[in-house]
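Next come the chains, spelled out residue by residue.
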Amino acid sequence: MFWVLLLLLAWAVAGTACTRLCLAAVRAAAVDADDAGTGHDLTLYEAAFLSGGPARVADLTLVSMARQHRLLLAHTGWATVVDPRGRDAIERSVIGAIGPEGQSRIGPVRASAAATDAVRDLAVRLVDAGLAVPDGSTTTVASGVRQVRAAALVVLGLGATALLTPGAEMPQGLVALWFALTLSCLAIARVEVHPYSRWASPAGQRLLGTLARHSGSGDDRTYLTSVAVRGIRAVGEPDLRAAFAHREQYEWRR
């Protein structure tokens, strides 16, 4: 009867994960008032943060300044300041991250700029407006989904242990069925939860969808909107993409 103990443990793990996910979804629905974000026109920085967090804001700023020829982003992965006068706090943060010599590798610049007060202030404003998920929250839908995924791995491991344990009175097919049913409960809980975002609240996700539908075509703002929402993969210039490829190598080394 050892397999029964393993099954009970699997039920406990699955039940806990499903409960936390459901509670997180209920809390998210309660916080998501119908009028949250009403009348709020997202800036490019706000769209970048809601789509990809602080690092996306830094990427957008680098691309925007490069297109205006105020920064030179070389295909070798170096950023060089051309115009040292930032037009807003976030641009000044990027220039400050490059340093007094006016040149630095893109990876460290991106990491430093993403951690500046200007980006943190942007995050606070979005959280206060109900458009962003509070940083460090342990009750978000995203964390609940991660717990469900982890629980599924635990249930699989317990099921495999039960099947490999000799001396089980129950046929192995029935043992496998019980664990499969437990996994199906986790799968149902995951499917029933609405799409989630690490950064944007449900209200923020709705505004991002509106931004994508109402953006124009063929102008610079549309291009930067695509970068804000989709990230560097929206960049079409080969040299610029090569410059940010060095950024990814820096992240792996960290």
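Below or above, wherever it landed, is the structure these notes cover. None of the values given here were measured: they were computed from a predicted structure. Residue indices follow the written sequence of each chain, beginning from 1 at its first position. Reporting of local features is limited, given that this is a predicted model, to residues whose pLDDT is at least 70; pairs of side-chain atoms are given and counted only at 80 or more, and all residues count toward the totals for whole chains, interfaces and linings. Side-chain measures here rest on the full set of heavy atoms in the structure, leaving out hydrogens and waters.

## What about the overall build of the chain?
Move 1: Helix numbering and strand numbering both begin at the N terminus, where a helix is a DSSP run of H or I of at least 4 residues and a strand a DSSP run of E of at least 2. In terms of helices and strands, the chain carries 10 helices and three strands.
Move 2: Seen in sequence order, the chain has helices and strands lined up from the N terminus as α-α-β-β-α-β-α-α-α-α-α-α-α.
Move 3: The buried label goes to any residue with under 20% of its type's maximum accessible area, the exposed label to any with over 50%, and the partly exposed label to all in between, with areas taken from a 1.4 Å probe on protein chains only. A total of 254 residues make up the chain; the buried ones form 41% of that total.
Move 4: Only heavy atoms matter for contacts: two residues are in contact if any of them lie within 4.5 Å across the pair. Look at the contacts in the chain between residues 6 or more apart in sequence, and 72% of them connect residues 24 or more apart.
Move 5: Here the chain displays about 13,900 Å² of accessible surface, and carbon together with sulfur accounts for 60% of that area. Here the Shrake-Rupley method, with its probe set to 1.4 Å, supplies the accessible areas, and only the displayed protein chains count as covering residues.

## What about unusual backbone geometry?
Outside of glycine, negative phi angles account for most residues, and trans bonds account for most peptide bonds.
Move 1: Here H69, not a glycine, exhibits a phi torsion of approximately 60 degrees, which is positive.
Move 2: Judged by relative accessible area, which is 62%, H69 ranks as exposed.

## Digging into the environment of G236
Move 1: Residue position: G236 is located in the loop between α9 (220–230) and α10 (238–253).
Move 2: Sequence spacing of G236 and Y223 is 13 residues, and the spatial spacing of their C-alpha atoms is 9.5 Å.
Move 3: Once residues lying within four places of it in the same chain are set aside, the contact partners of G236 are Y223 and R241.

## Notes on the packing of aromatic side chains
Move 1: Pairing of aromatic side chains here covers Phe, Tyr and the six-membered ring of Trp, requires ring centres within 6.5 Å, and sorts the geometry by plane angle: under 30 degrees stacked, over 60 edge-to-face, intermediate tilted. Summed over the entire model, instances satisfying the criterion amount to two aromatic pairs.
Move 2: Both rings, one in W11 and one in W178, keep their centres 5.9 Å apart while their planes meet at 65 degrees; by these two values the pair is edge-to-face. Placement of W11 in helix α1 (residues 2–31) and of W178 in helix α7 (residues 172–192) is noted, with a sequence separation of 167 residues between them.
Move 3: Counting as a charge over the ring demands two things of the Lys NZ or Arg CZ atom: a distance within 6 Å of the ring centre and an angle within 35 degrees of the ring normal. Here the basic side chain of R67 rests over the ring of Y223, its NZ or CZ set 3.8 Å away from the ring centre.

## Quick notes on the nonpolar core
Move 1: The biggest cluster of nonpolar side chains holds 48 residues, and the ones touching the most others in it are V63 and L73.
Move 2: No other element matches helix α2 (residues 44–67), which puts 13 residues into this core.
Move 3: Grouped together as the second largest cluster of nonpolar side chains are 20 residues, A24, V141, V145 and V148 included. Residues belong to a common nonpolar core when they are buried Ala, Val, Leu, Ile, Met, Phe, Trp, Tyr or Cys residues joined through side-chain atoms within 4.5 Å.

## Let's talk about the sheet that holds strand β1 (residues 71–73)
Move 1: Two strands qualify as a pair provided that DSSP identifies no fewer than 2 bridges between them. What the three strands build is an open sheet, ordered β1-β2-β3; its pairing is antiparallel. For this open sheet the edge positions go to β1 and β3 (103–105), each flanked by a neighbour on one side alone. The sheet shows a mean angle of 20 degrees between the axes of neighbouring strands, taken without regard to direction.
Move 2: Here β1 runs beside strand β2 (residues 78–81); their pairing, made up of three bridges, is antiparallel. Pairing of L73 across the sheet is with A79, part of β2.
Move 3: Where helix α3 (residues 89–98) meets the sheet, it contacts β1, β2 and β3, and its direction lies at approximately 110 degrees from that of β2.
Move 4: Note on definitions: angles span 0 to 180 degrees between N-to-C directions of axes, and those axes are lines fitted to C-alpha atoms, for helices only across the stretch in contact. Running over the sheet, helix α4 (residues 106–114) touches β1, β2 and β3 and is turned about 90 degrees from β3.

Remember, this is a structural readout, not a statement about activity or role.
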